[in-house]
Amino acid sequence: MIRVEGDLTDQTGREMFAAAQGCIRRKACEITVDLSSVKNMDSLGGAWLGRLMANARLKKVNVEISGATGQAAELLDMLAPTLSAEPAPGTRRIGLFEDIGGTFLNALSEAREAFELVIEAVYWAVIGPLTGKGLRIENTLDEMHEMGVRAVGIVCLINFLLGLIIAMLSIAQVEPFGLGIYVATVVVIGFARELGAVMTAVVVSARSGAAIAAEMATMVVQEEIDSLRGMGLNPARFLVAPKLVAMIAVMPCLTVLAMFSGVAGGTLVGVVLLKISTNLWLQQTQTYLKAGDIAQGLIKCVVFAFVITLVGCHNGLRVKGGARGVGLATTRSVVMDIFFIIVADMIFAILFYFVFK
Amino acid sequence: MANETIVEVRNLTTHYGEALVLDGVSMEVRRGEIVVILGGSGCGKSTLLKHMIGLLRPTSGEILLWGQDIARMDEDQLRPMLTRVGISFQSGGLFNSMTVGENVALPIKEKNPDIDRETLDMLVRIKLGLVGLSAAVNKTPGELSGGMKKRAGVARALALDPEILFLDEPSAGLDPIMAAGLDQLILNLRHLLGITVVVVTHELDSIKEIADTAVMLDKGRVIFNGRLDEALESDHPRVSQFFQRKPDAHIAPRNA
C-alpha cells in the first residue's frame, strides 16, 4: 500500500516509484497505489506511475490504483491505454547476411534506376529534339547561364593559380639542368590534355552538380516531381534534358578558358622566375602543342559534363525523407561526381596511352 | 484568476516587405479559453499566430504575453517565456532526421537535462498516447501520413506541459474521424490540464465544436471578435458568408 500525498508530480512520483520498487523486488505483495489525496497530476508524475506499472508487469506483480478523484482520475482514465500497453516494438536487428544481401540488392536496383535515367536523358536530350520533340530552349539557356557564364570567374581563377603552382614545381626540378624553357611545354600539355578538363569538372561538380542534386531532391520531397508526372510531363524531358544539354554545351567552353588561364599562370611564373621573354615562352608553348592535345581535353570534358549532370539528377531523384535526405543526396552526389570523374579520367589515360597514341 | 489575460494583442500592424499583412489587430486570450482565429486563406491568421510567439516582429503595436511585451524582447528574454508555450505548425514541423519519439523527447531533454532514460521514455509514450500515436514512437516522420504528422506535432507541443497551446491548422487535411478526435483532445486538454488554446483554423465543424471565442480576420483586419454563438448569428456580410459557406461572386458558377 503506497499513499501519495499532495499532487502527483516529479517529486512525489519519484518517491512513489522508489517505495514500489522494494515491493516489486520482493515479488511478495500486491501493490495498491492510493491517490485519494491527489488533486492534480502532471505528465511527469504520470510518467513515474507508468514506469511503476511497467516494472510491476514485468515481474508479474499486480498493481491497483485507487482513490483517484477529480482531474487526476480523468487524466488517468485518458492515459490508461498508454500506461497499460506494452512498449512499442523497437527496430529489428539486421543479421550479417541479410545486410550483405540487402546492400547487393540495393546496388542492383540503383544501377537499374541509373541505367533507365541515362537512357531517358539521352533520348530526350539528343534523339527527342532531332525528331522534332522540342527541348525547352528558354530553360536550357537559363541553365547555361547559371552553369556556365556564372562559373567563368571561379574556373579561370582556380586554373590560373594551378598554372602558377605547376610551373613553380616544375621549374624547381628542371632548372638545375638548364631545361627551364621546357616548363612551358609541360604546362601547356598538362592543361590541354588533363588539368583544364579535370579542374573545371571538379569546380563545376561542386557548383552545379550539388545544385542539381539539391534542386531535384527538394522537388521530390515537395511532390513537385509527382505533379509533373501527374500532368503527363516526363521529368527526364522537362528537367533532366535541359540541364544535360546546357552542361554539355558549357563544359567545353569553360575547359578552353581553363586551358588559357592555366597557360597564363605558367607564363607569368616562367617570365618572372626564369627571366625568359614572353615571346620566347609563348613560341615554345605553341611549337609543342598539337591539336590532338586539346582534343583530348575536350573529349574528356564532354564525358565529365555527362557524368556530373546525370549523377546529380540520379541522386536527387532517389532521395528519401526530408531536409536530411536532401543534404545526404547532395553530399553523395558530389562525392560520386569526383569519384567518377577520376575513374573516367583514368580510363582515358589508358586509352590515350595504349590505343590512340 | 479565472479571468486572467494571458495574451493581449494591441493595435498590431505588420508588413511583409511592402505588403500590409495585419492592419491594427487587437484581441485577447483569457486563461482556460479556447480562442479560434479564423478567416479565409491568406488573411493573416498564421502571421498573427507567429507574432504571438515572437517569431515575427511587428511594424508597430504591442503583444503582451503574461503581461510582458514580447514585441520588444530580445531572444534571451523570450526563451524562458517560450518554455511555457506549446506550438504546432501547419505541416507538423517535425525534425525529419529524428524518430517521432526523439522529436517529442527533444524539448523535454533540453529543459530537464538530468531526466533518466526510463522516465523520459515513459513521458514520451504518455504524450504520444494522448494523441493516439504511441505505436509510432520509433518511426521517422517520413513514414507517417499527413494526419499522423500533425498529431505528432501536437504531442511535441505538449511535451513541456505548456500553459498555452498554439495550433496552426491542426485539423486541416485530417479525415473527419481524426479531426473529431483532435477536437476532443483539445477540449480534454483544456478540461483536464487547464490549458489555454489558440487555434488557427477554417474548419467550420471544428470551430463549432471547440471555440469559446472567435476572432475573424479579413484582409488583415479584425472583422469579428466575440463569443461563438454571436458569430454564428452575426449579420456582418463577410462573417455570415463564412459560416454559411457562400462562395464569392466571381467564383460562383454562372448558371447556379
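Residues numbered from 1 in each chain as written. Chains lettered and ligands numbered in written order. Predicted model: local features only at pLDDT ≥ 70, side-chain atom pairs only at ≥ 80, totals over all residues. Heavy atoms only, no water.

J.: I'd like a rundown of the overall build of chain B, residues and numbers included.
T.: Secondary structure summary: chain B contains 9 helices and 10 strands in total. For chain B, the C-alpha radius of gyration of 19 Å lies close to 18 Å, the compact-globule estimate for 256 residues. With the C-alpha coordinates of chain B rotated into their principal frame, the extents come out at 60 × 45 × 40 Å. Expressed as a percentage of the 256 residues in chain B, the buried residues total 50%. (Helix = DSSP H or I, 4+ residues; strand = E, 2+ residues; numbered from the N terminus. Rg over C-alpha atoms; globule rule 2.2 N^0.38 Å. Buried < 20%, exposed > 50% of the residue type's maximum accessible area, 1.4 Å probe, protein only.)

J.: Hey, could you go over the overall build of chain A for me, with residue numbers and the actual values?
T.: Along chain A, the regular secondary structure elements total 12 helices and 3 strands. The C-alpha atoms of chain A give 34 Å as radius of gyration, which overshoots the globular expectation for 357 residues (21 Å, by more than 25%). Along the three orthogonal principal directions, the C-alpha set of chain A runs to about 100 × 60 × 40 Å. Each of the 357 residues in chain A was classed as buried or not, and the buried ones make up 40%. A separation threshold of at least 6 residues defines the contact pool for chain A, and within that pool the share at least 24 residues apart is 84%. Entry remark: accessible area of chain A is about 18,900 Å², with carbon and sulfur atoms responsible for 66%. Averaging the coordinates of the 29 positive side-chain charges in chain A and doing the same for the 30 negative ones gives two points 7 Å apart. (Contact = heavy atoms within 4.5 Å. Areas by Shrake-Rupley, 256 points an atom, 1.4 Å probe, with all protein chains shown as cover. Lys, Arg positive; Asp, Glu negative; His and termini not counted. Charge placed at Lys NZ, Arg CZ, Asp CG, Glu CD.)

J.: Quick one: what's the story with the interface of chain B and chain A, residue by residue and with numbers?
T.: When the parts of a complex come together, some accessible area is lost, and that lost area is often used as the size of the interface. Opposite the 23 residues of chain B that make contact, chain A presents 25 residues. Of all residues in chain B, Arg 125, Ile 126 and Leu 192 of chain B bury the most surface against chain A, accounting for 30% of the area lost on that side. Taken together, the connections running from chain B to chain A amount to 2 salt bridges. For Arg 51 of chain A, the salt bridge identified is with Asp 116 of chain B, shortest N-O distance 2.5 Å. Taken together, the links from chain B to chain A amount to 3 residue pairs in polar contact (both at pLDDT 80 or more). (Buried area = accessible area lost by both parts, 1.4 Å probe. Salt bridge = Lys/Arg side-chain N within 4 Å of Asp/Glu carboxyl O. Polar contact = N/O pair within 3.5 Å; in protein donor to acceptor, adjacent residues only side chain to side chain.)

J.: If you had to explain the packing of aromatic side chains to someone new, which residues and values would you point to?
T.: A complete count under the given rule lists 7 aromatic pairs over all chains for this structure. Taking the centre distance of 5.8 Å and the plane angle of 15° together, the rings of Phe 348 of chain A and Phe 352 of chain A count as stacked. Of this pair, Phe 348 of chain A and Phe 352 of chain A both sit in helix 12 (residues 323–355), 4 residues apart, which is roughly one turn of the helix. On the accessibility criterion, Phe 348 of chain A (11% relative accessible area) is buried. An angle of 75° between the planes, with centres 5.0 Å apart, marks the rings of Tyr 353 of chain A and Phe 354 of chain A as edge-to-face. Judged by relative accessible area, Phe 354 of chain A falls into the exposed class, the value being 57%. Arg 156 of chain B extends its terminal NZ or CZ atom over the ring of Phe 95 of chain B, reaching a point 4.8 Å from the ring centre. (Phe/Tyr/Trp six-rings, centres within 6.5 Å; stacked < 30°, edge-to-face > 60°. Lys NZ or Arg CZ within 6 Å of the ring centre and 35° of its normal.)

J.: Give me the lowdown on unusual backbone geometry, citing residues and values where you can.
T.: A positive phi angle, close to 60°, is found at Glu 223 of chain A, a residue other than glycine. If you check the backbone angles, Trp 66 of chain B has positive phi at about 50° while not being a glycine. Along the chain, the position of Trp 66 of chain B falls in the loop between strand 4 (60–65) and strand 5 (68–69).

J.: Before we move on, could you go through the pairing of strand 2 (residues 19–30) of chain B and cite the residues and values that matter?
T.: Residue and element names in this part refer to chain B. Inspection of the sheet shows strand 1 (residues 5–16) paired to strand 2 by 8 bridges, in the antiparallel sense. Counted as the bridge partner of His 15 is Leu 20 from strand 2. Between strand 1 and strand 2, which follow one another and run antiparallel, lie 2 residues, and Gly 17 among them has a positive phi close to 60°. (Pairing = 2+ DSSP bridges.)

J.: If you had to explain the packing of helix 1 (residues 10–26) of chain A against helix 2 (residues 43–58) of chain A to someone new, which residues and values would you point to?
T.: Residue and element names in this part refer to chain A. It is at 8 Å that the axes of helix 1 and helix 2 come closest, and there the two elements cross at 10°. The pairing of helix 1 with helix 2 is recorded here as roughly parallel in orientation. Contacts between helix 1 and helix 2 involve Asp 10, Gly 13, Arg 14, Met 16, Phe 17, Ala 20, Gln 21 and Ile 24 on the former and, on the latter, Leu 44, Gly 45, Trp 48, Leu 49, Arg 51, Leu 52, Asn 55 and Ala 56. (Axes fitted to C-alpha atoms, helices over the stretch in contact; angles between N-to-C directions. Parallel < 35°, antiparallel > 145°, perpendicular 65-115°, else oblique.)

J.: Can you tell me about the pattern of salt bridges, naming the residues and giving the values?
T.: All names here are of chain A. Under the criterion given, the structure shown has 27 salt bridges over all chains. With its nearest N and O atoms 3.1 Å apart, the salt bridge here joins Glu 116 to Arg 112. Of this pair, Glu 116 and Arg 112 both sit in helix 4 (residues 96–130), 4 residues apart, which is roughly one turn of that helix. Arg 112 gets classed as exposed once you look at its relative accessible area, which sits at 56%. In this structure, a network of salt bridges that share partners links the residues Glu 110, Glu 113, Arg 318 and Arg 332.

J.: Can you break down a nonpolar patch on the surface residue by residue, with the values?
T.: Together, Met 346, Ile 347, Ile 350, Leu 351, Tyr 353, Phe 354, Val 355 and Phe 356 of chain A make up a nonpolar patch on the protein surface, roughly 850 Å² of accessible area in all. As for its position among the elements, Phe 354 of chain A is in helix 12. (Patch = residues over 30% accessible without salt bridge, like charges linked within 9 Å, V, L, I, M, F, W, Y side chains within 5 Å.)

J.: Kindly report on helix 4 (residues 117–130) of chain B, identifying the contributing residues and their values.
T.: Counted at 1.5 Å a residue, the expected span for helix 4 of chain B with its 14 residues is 20 Å, and the 20 Å between its end C-alpha atoms agrees. The element helix 4 of chain B is extensively covered by neighbouring structure, given that 11 of its 14 residues are classed as buried. The set of residues buried in helix 4 of chain B consists of Thr 119, Leu 120, Met 122, Leu 123, Val 124, Arg 125, Ile 126, Lys 127, Leu 128, Gly 129 and Leu 130 of chain B. Turning to helix 4 of chain B, the residues buried within the fold contact helix 2 and helix 3 (70–84) of chain A together with helix 3 (100–111), helix 5 (146–157) and helix 6 (176–193) of chain B. Of the residues one or two after helix 4 of chain B, Gly 132 of chain B is the one with positive phi, at around 75°. (Expected span 1.5 Å × (residues − 1).)

J.: An account of the sheet that holds strand 1 (residues 2–3) of chain A is needed here, citing residue identities and associated values.
T.: Residue and element names in this part refer to chain A. Taken in spatial order, the 3 strands line up as 1-2-3 in an open sheet, and their pairing is parallel. Both edges of this open sheet fall to strand 1 and strand 3 (63–66), since each of them pairs with a single strand only. Here strand 1 pairs with strand 2 (residues 31–34) via 2 bridges, running parallel. Note on strand 2: the bridge partner recorded for Ile 2 is Val 33. In the packing of helix 1 onto the sheet, contacts are made with strand 1 and strand 2, and the angle to strand 2 comes to roughly 165°.

J.: Outline the sheet that holds strand 3 (residues 34–38) of chain B, listing residues and values.
T.: Residue and element names in this part refer to chain B. Reading across from one edge, 6-7-8-3-9-10 is the order of the 6 strands in this open sheet, with mixed pairing throughout. Two strands lie at the open edges of the sheet, namely strand 6 (85–88) and strand 10 (221–227), each paired on one side alone. Direction aside, the axes of adjacent strands within the sheet are offset by 15° on average. Bridge count between strand 9 (residues 213–218) and strand 10: 6 bridges; the pairing is antiparallel. Along strand 10, the bridge assignment pairs Leu 217 with Val 222.

J.: Describe the domain arrangement of chain A, naming the residues involved and giving the relevant values.
T.: Looking at chain A, the domain boundaries give domain 1 (2–84) and domain 2 (97–355). Computed from C-alpha atoms alone, the centre-to-centre distance between domain 1 of chain A and domain 2 of chain A is 65 Å. (Domains from an automatic or database assignment.)

J.: Can you explain the side chain of Glu 143 of chain A? Please cite residues and give values.
T.: Topologically, Glu 143 of chain A is positioned in helix 5 (residues 137–147). Given the relative accessible area of 13%, Glu 143 of chain A is considered buried.

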